[in-house]
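What follows is each chain in one-letter form.
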Amino acid sequence: MARFSGDDEAVLQAMLRQLFQSVKEKIRGAPSLECAEEILLHLEETDENFHNYEFVKYLRQHICDTLGSMIEEEMEKWTSDQSQGEESGYDTVVQQVTKRTQESKEYKEMMHSLKNIMMVVVESMINKFEEDEIRSQERQKKMQKEKNNSYCTDNCSDSDASFNQSYKFCQGKLQLILDQLDPGQPKEVRYEALQMLCSAPPSDVLNCENWTTLCEKLTMCLSDPDPVFNVRLLNEYQKEAPSFWIRHPEKYMEEIVESTLSLLSVKHDQSHLVLQKILDPIYFLALVDTKAVWFKKWMHAYYSRTAVLRLLEKKYKSLVTAAVQQCVQYFELCETMKVDEFLGHSKHCGNKQKTFYYSGQELQYIYFIHSLCLLGRLLIYTQGRKLFPIKLKNRKDSISLTDLLVLFTQLIYYSPTSPKMTAAHLENYSPASVVTEILRILCDQKECAIECLYSSSVIEALLQPIYALMKRTKVVPNCSETALIHIADILARIASVEEGLILLLYGENMNSSEEKSPTGAHIIAQFSKKLLDEDICIFSGSEMLPVVKGAFISVCRQIYSTCEGLQVLLPYNLHESIAKAWKKTSLLSERIPTPVVGSDSISSINLESPNIMAWEENVLDDLLNFAATPKGLLLLQKTGAINECVTFMFTQYAKKLQISRHQKFGYGVLVTQVASTAAGAVALQNSGFINALITELWANLECGRDDVRVTHPRSTPVDPIDRSCQKSFLALVNLLSYPAVYELVGNQDLPNKAEYSLREVPTYVIDIIDRLIILNSEAKIRSLFDYEQSHMFGLRLLSVVCCDLDTLLLLEAQYQVSEMLLNAQEENILETSESQRDFIIDGLSVERNHVLVRINLTGGPMERILPPRILEKGDDPYPWPMFSSYPLPNCYLSEVTRNADVRQDSDLGKLLLHLKMSDKQTEWIENCRRQFCKLMKAKPDLISGGALVELLEKFVLHLSESPSECYFPSVEYTATDANVKNESLSSMKQLGVKMTVRYGKFLNLLKDSAENDLTLVLKHCERFLKQQQAPVRSSLRCLQGTYAGHDWFVSSLFMIMLGNKEKTFRFLQQFSRLLTSAFLWLPRLHISRYLPNETIKSGIHPIYFCSTHYIEMLLKAEVPLVFSAFHMSGFAPSQICLQWITQCFWNYLDWIEICHYITTCVFLGPDYQVYICIAIFKHLQQDILQHTQIQDLQVFLKEEALRGFRVSDYFEYMEILEQNYRPVLLRDMRNIRVQNV
């Protein structure tokens, strides 16, 4: 406070004025003070400019300066705790750090300081406002020459009080107010006098000379014999008191609270239905404040909430007991069907003209609604929930918290629609709507939801009417469409939170092996399917039926948009039912005739058309959410609606609409999933999404807004990619997976125009490559306003997309990217003398050097050295040699030593001995696997070289001879080298062969002649697999001909076999019979006849819809922080895992680890592919969280090698994963094949 100067006060006042001016219209439109407060409390949610207000920025900076370091320390402490102990969910970490912060001394001091500062500022603003208002009133009085001026005589007090000065209240006018407050005056006169008195600041009223007399008059008003007048004033005071009692001593607040609770606890001895002549105070209060707004205000602030809860617990628990009693009694009336009698008279009296009165039954109903609202507010707070269980009279058992929530839930569908209170009351006072609002609030607060709602009893109560409708019983006579919509809303909110979703999927005892009734997810799915298939006749023809359908599909959507949820709902084929409903609705919307002026059908068409269109969009949105998971995307493609769904997604994205009311993040993950498949990429192209993305990029990168650049020129970017382009850069990184790149630019030539217009904006991916990456002409360079910045963007994008080796080979084969970069480096040479040539070191030459090394050197983190992208301080800012021709300088190559033959080791000898034993017993497989695991844990480096060749050959030979281990049938193959010699490989695969041989020679595994041998092996593989392929007609490029990418598994195996082509192909023939081959050897199932026809046409490989699907599912369960980080970054784990697996981790792991990855999957099963990826994410957890914060997660994962990761280090962890998940994973992996082929 000592540092708070007058200038600071003026600045804060200006900030507040800006805020108030911006929200003035919203507040003016509020029907009441409470609504205005709600608008301000939820301003962040409703005002898109909220964070731009100077006052908000001031508060954020103040909090950051005061508490920033403490919060960082708490976060670091939690991070270190998680690395040592059990991991906590992201939400838990935030809650705990927030809790500790709020309990800290620094936080309390900050809040105290802020309150003091703001009290000074606001008080000053109020006084200034009052002065301005009075001046305005004076001017109006002078102009109008009102007679009231006669009251203002020379007898005015000379007191300095603002009451006397500002309002010019003379003794005569004050006396007039005092006279009007006399009890003998009419009610209207007294009310007007009070209104006039309220126009003065409270502090001035308290300090005026006539306060003693005024106080007596006010006391008489408050003790008016008219009870309605009395209670109304009391209630208004209750609602206003919380806004100012923070300024007074705590004792003052506690006196008010205790006096009120004491008054409301007064009870007369009477039956549960009120008599006509005796009313308790609580009835009067409920009459004037039916929804207990006063209690809501008292419980809002911690300052007063603590006192209320303490007094309720110690002295006035009877208030809570009475409220619970009211709810129980009303429910019992509902159950016994007497509620119509209970409310029957109210419908009659509501039809009276002006003589309105409340019957005893109606007052009882009003008290019940008041009790409902009071209990709902009480349950939000921990101390409020601790008041339970409640013991009621005439009941043996106490009412627990769960019992109360079950009762609330049952009120939704047991209670009938209630009457409106009066013609003026337009609010809905039905128990169903009140309870639903209460449950919504509880759902939105995780701690409340876990304690109150996430129990089997509450879920069963919510599902009871659904179950009854499916059984066609009349257990719930009053269950209406509206009640079902309320229930679906609550279920959707429960399903949107991890704990609630698990409860719906598995019940409370998810690990129990006992047979139980279907869980909530199954019942919801069955009911939704019946609704979609119109198999429930009870609501047929109802106008609300589409809304009911949409509400329950929304619940299902929350479930099937997760990997674990989709697994549970798979048997119901909801995607087929939803697609059928969409097609039916789409036909209806097409049949709506064009309205003709004067036709009688215009009004009906106008009403029907929006409903049909809304239902069609709703169903498309539901279908689109299948794309949230890899397997769900396959199901979506099978429906044939992917193009329409992606188009719908783009329209929503263009309108900047939220993806779903229950989801926190946008369309990033959906787009990434869709872009990971060929058909999805084509759909994104056709929808206009890619066009819009590239147009937006170009506007930020090259054009900018003309109206802004004139007056506010953009600052010179200091980052390689300007912040304005970062979002577009990450979106392109998410988009350009290899399946997408192949579909969008495969077999396409660059435009390479002779001239480019300055206003020519690119719209396709090929245009971005042409205009930003391959700048091989002066015309392209001149067409850019900001050549360096734009080309740097293109080079960074090239660096990321070329980390996918298939994309690199494609771009190299089609556009000779390396040659273009080398030529650009050559042009960047400065000849200082005849014998010396120096490279000009600038941002572009450094970036090109990095990219050239990255795309021409193959190897893991310890096998290649990538030059940095930044300059160093000192005389030699860039010591790394640049080059403009091959070979690369040796400084970028690591020293690699070949392991000696270690087959004499005793442990390895035991394993090889097991492989030589052919006793035809099934135990030998498990014995070999057990010995292999032992060796991997103790001496993993022994599994390499010749020993590795022998291990793989013998083990796979044994498996291929065992019918129980063979998954695919044997295929006869008789072609020789001469038969395939004249066949040709694509230019892309030829480059892949050269890359493999170059890597193999670097590792001392291959010789110069290996190129021809590997080419022959690949040709044999293509012919061998072609025998097992099915004919398919598709517009997708990837399904036309052979496998679109290079065969990285065969290349890896060829290196493992030390370049022996006979051993390599013989192994592949044997290996092709095993299930593991489907997941390690990608071309194995390319348009394979062993896959369902719909799967073939989708172009989606089982690695994507099976392996990466389970990687995402296990990641959420095992490493939840990493899973959350992916969603926050708008990136999908499936895309990076697909890239890793497709290229057998080349450039991500060192060669020995690649061998261990392949060998582990061969020996232990294809599910270990999933476990290894989970182990990698666990290894990278801290790096992933860090890069999520700096918003470059996808770039980090694609560009960076997996440093420090060793398969053997995580073997014990993977064995635990195997115990927990193997049955499910292997069952699903075996289901990829068409049965009985």
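Residues numbered from 1 in each chain as written. Predicted model: local features only at pLDDT ≥ 70, side-chain atom pairs only at ≥ 80, totals over all residues. Heavy atoms only, no water.

### Notes on the packing of aromatic side chains
Rules: Planes of paired rings set the category: under 30 degrees apart is stacked, over 60 is edge-to-face and the rest tilted, where pairs are Phe, Tyr or Trp rings (Trp by its six-membered ring) whose centres lie within 6.5 Å. Put simply, DSSP H or I for four residues or longer makes a helix, DSSP E for two residues or longer makes a strand, and each gets a number counted from the N terminus. Burial classes follow relative accessibility: with a 1.4 Å probe on protein chains only, a residue under 20% of its type's maximum area counts as buried, one over 50% as exposed, and anything between as partly exposed. Only when the NZ atom of a Lys or the CZ atom of an Arg is both within 6 Å of the ring centre and within 35 degrees of the ring normal do we say a charge sits over the ring.
This structure, assessed with the given rule, holds 42 aromatic pairs. Aromatic side chains Tyr653 and Phe689 sit 5.3 Å apart centroid to centroid with 50 degrees between the ring planes, which places their arrangement in the tilted category. Residue Tyr653 is found in helix α33 (residues 642-654), and its partner Phe689 is found in helix α36 (residues 689-703); the two are separated by 36 residues along the sequence. Look at Tyr653 and you get partly exposed, because its relative accessible area is 30%. By way of ring pairs, the aromatic residues Phe1126, Phe1131, Trp1140, Phe1145, Tyr1148, Tyr1157 and Phe1177 are connected into one cluster. If you follow Lys291 out to its NZ or CZ, it ends over the ring of Tyr429, 5.3 Å from the centre.

### Points about the pattern of salt bridges
Counted only if it meets this: Think of a salt bridge as a Lys or Arg side-chain nitrogen and an Asp or Glu carboxyl oxygen that are within 4 Å of each other.
In total, this model carries 43 salt bridges according to the counting rule given. A salt bridge links Arg493 to Asp444, with the shortest nitrogen-to-oxygen separation between them at 3.2 Å. Note that Arg493 is positioned in helix α25 (residues 481-495) and Asp444 in helix α22 (residues 431-444), a separation of 49 residues in sequence. A salt bridge links Arg557 to Asp622; its shortest N-O distance comes to 3.0 Å.

### Some remarks on helix α51 (residues 1010-1026)
Applicable threshold: In a helix, the anticipated span is given by 1.5 Å times the number of residues less one. Contacts are assigned to residue pairs with any non-hydrogen atoms lying within 4.5 Å of each other.
With 17 residues, α51 should cover 24 Å at 1.5 Å per step; its first-to-last C-alpha distance of 24 Å lies within 8% of that length. Where α51 is concerned, the buried positions are Ala1010, Asp1013, Leu1014, Leu1016, Val1017, Leu1018, Lys1019, His1020, Cys1021, Phe1024 and Leu1025. Buried residues in α51 make contact with α49 (977-981), α50 (987-1002), α52 (1048-1056) and α53 (1061-1071).

### Details of empty space enclosed by the protein
This is how it is decided: The distinction between a cavity and a pocket rests on a 1 Å grid over the protein atoms alone: a 1.4 Å probe fits inside a cavity but cannot get out, while a pocket stays open yet meets protein on both sides within 12 Å along at least five of seven lines, and a residue with an atom within 4 Å of a point counts as lining. Grid points are joined across faces, edges and corners, and a volume is the space filled by probe spheres set on the points. Here the term charged refers only to Asp, Glu, Lys and Arg, the term nonpolar to Ala, Val, Leu, Ile, Met, Phe, Trp, Tyr, Cys and Pro, and the term polar to all other amino acids, Gly among them.
Under the defined criterion, the tally for this structure stands at 11 cavities of 30 Å³ or more. Size it by volume and the largest cavity reaches roughly 540 Å³. When contributions to the lining of the largest cavity are tallied by element, the ones reaching two or more residues are α39 (738-745), α55 (1093-1098), α56 (1102-1118) and α58 (1133-1142). Partitioning the lining of the largest cavity into residue classes produces 17 nonpolar, 11 polar and 4 charged. Volume-wise, the second largest cavity comes out at about 150 Å³. Lining the second largest cavity are 13 residues, and of these Lys989, Glu1022, Tyr1043, Asp1047 and Pro1083 sit closest to its centre. Of the residues contributing to the lining of the second largest cavity, the split by class is 6 nonpolar, 4 polar and 3 charged.

It is worth stressing that arrangement in space is one thing and function is another; only the former is reported here.
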